[in-house]
Amino acid sequence: MLISGLVAVLTFLSGCDEQGEPRLTDEAAEKLILEKIETNQALSLDLFNVLGNRIDTDSLKRLMAKCKTRDEFIDLMAEQTSSYFKDVVELKLAGLSVQAVPMPFMGEAEITLKLLYSEEGTAGAAPHDPVQAYSDLVLKRINEQAAGNDHKEWILLESFHQSGSKPRSMPSEQVSFNFTKIEMMATLPHAIILNPELSDEEVLESLNDIMATEGIPPVAIALLLPAVQKVREAASTASQTPFEQGLLAWFDDTVEPLMPSGLDHDLIRRTQATVFLAGLHAILLPEYQNKNQDQATLSVLHAKYRAAVICTAREIWNNK
């Protein structure tokens, strides 16, 4: 009886953390992380609402009138909107495990993206493709980091954190990319998004198949391609994520009135591809914050939001 009692106590303690609290299984922790990422994604609606309210169609016209070139307009749009992300997130800090608003894309990453999307291309050569140029740059950064000894894997987030509890570390395979996986992410998804022969649903189905085939962790999918996991749930029509809802509403209400021939479907696809690559780019940055699920989500969301503004500014100027 004594031995049986000791075994029962030891079994109970093995399922608890150092503070005596029940310890989550890896699967349960991952489920909670995915739920929190999805909750945080809802901030996208507020981000695009603020963008549409502060820069409406008439405001865009006035900003364009101040500029002589496309790169001037892209710079001006980026400058005018630089505080919007922080303004929105600061209102929600009480429910987030962050000390300050993470904005890793601000600085060199955003300057690099603006330069790529301001380029004109060389006379007599094929038209400049900014999305492919961005993919090439992200892939180059991945290869540069892989050449060093400090990047055998890229950690999306280090731990799961619940208010009042000690942060829980996560197994590497659930929250990281190895070289093969991150190289694939920089090479294939954006090409699928841009494929004109695929419908929107077929794009999501193709992405979903590749993520499954390549063994991409659900946490990575939720951070970078949250729409992918919705495809099988939604059958014939895939549910839009909050980011997509906000982006498309801004296009419909604010951007389309500036388009003489109407809103181009290819414009939307180019923006979606750019947004995806920016999220991947954020993970490569030394400023990327990944201590917990809130820091990681906001870091990637900041990059996506800034990329959406910059890419759309290029498209607005090209179609004026």
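Notes on the structure follow. One numbering rule holds for all chains: residues counted from 1, following each sequence as written. Only residues with pLDDT of at least 70 get local features here, since the model is predicted, and only at 80 or more are side-chain atom pairs given and counted; chain-wide, interface and lining totals rely on the full set of residues. Here the side-chain values reflect all heavy atoms present in the structure, with hydrogen atoms and water set aside.

## Observations regarding helix α5 (residues 70–80)
Three labels apply to residues, based on accessible area from a 1.4 Å probe with only protein chains included: buried if under 20% of the type maximum, exposed if over 50%, partly exposed otherwise in between. Secondary structure follows DSSP: runs of H or I at least 4 residues long count as helices, runs of E at least 2 residues long count as strands, and numbering of each begins at the N terminus. Residues of α5 that are buried include every one of Arg70, Phe73, Ile74, Leu76, Met77 and Ala78, and no others. The contact definition used throughout considers only heavy atoms, calling two residues in contact when any of these lie within 4.5 Å. Residues of α5 that are buried make contact with α4 (57–65), α7 (108–118), α15 (242–255) and α17 (293–318).

## What about the pattern of salt bridges?
Salt bridges are defined as contacts in which a side-chain nitrogen from Lys or Arg sits within 4 Å of a carboxyl oxygen from Asp or Glu. Counted under the stated rule, the structure contains eleven salt bridges. Close ionic contact of Glu35 with Lys31 constitutes a salt bridge, the shortest N to O distance being 2.6 Å. Here Lys31 and Glu35 lie together in helix α2 (residues 26–41), a separation of four residues that amounts to about one turn. Between Arg306 and Glu110 there is a salt bridge, with its nearest N and O atoms 2.9 Å apart. Note that Arg306 is positioned in helix α17 and Glu110 in helix α7, a separation of 196 residues in sequence. Of the residues examined, Glu110 reaches a relative accessible area of 10% and is grouped as buried.

## With respect to the environment of Lys320
Structurally, Lys320 is set in the segment after α17. The exposure class of Lys320 is exposed, given its relative accessible area of 53%. Each C-alpha atom of the pair Lys320 and Leu258 lies 6.4 Å from the other, and the pair is 62 residues apart in sequence. Residues contacting Lys320, with those up to four places away along its chain left out, are Met64, Leu258 and Pro260.

## Remarks on the packing of aromatic side chains
The aromatic pairing rule takes the rings of Phe, Tyr and Trp, using the six-membered ring of Trp, and pairs them if the centres are within 6.5 Å, calling planes under 30 degrees apart stacked, those over 60 edge-to-face and the rest tilted. Evaluation of the coordinates by the stated rule reveals four aromatic pairs. Aromatic side chains Phe48 and Tyr305 sit 5.4 Å apart centroid to centroid with 80° between the ring planes, which places their arrangement in the edge-to-face category. Within this pair, whereas Phe48 is found in helix α3 (residues 43–54), its partner Tyr305 is found in helix α17, the two being separated by 257 residues in sequence. There is no split in this pair, since Phe48 and Tyr305 are both buried. An angle of 25° between the planes, with centres 6.1 Å apart, marks the rings of Trp250 and Phe251 as stacked. Residue classification places Phe251 among the buried residues on the basis of a relative accessible area of 0%. Here the aromatic residues Phe48, Phe243 and Tyr305 are joined through ring pairs into a cluster of three or more.

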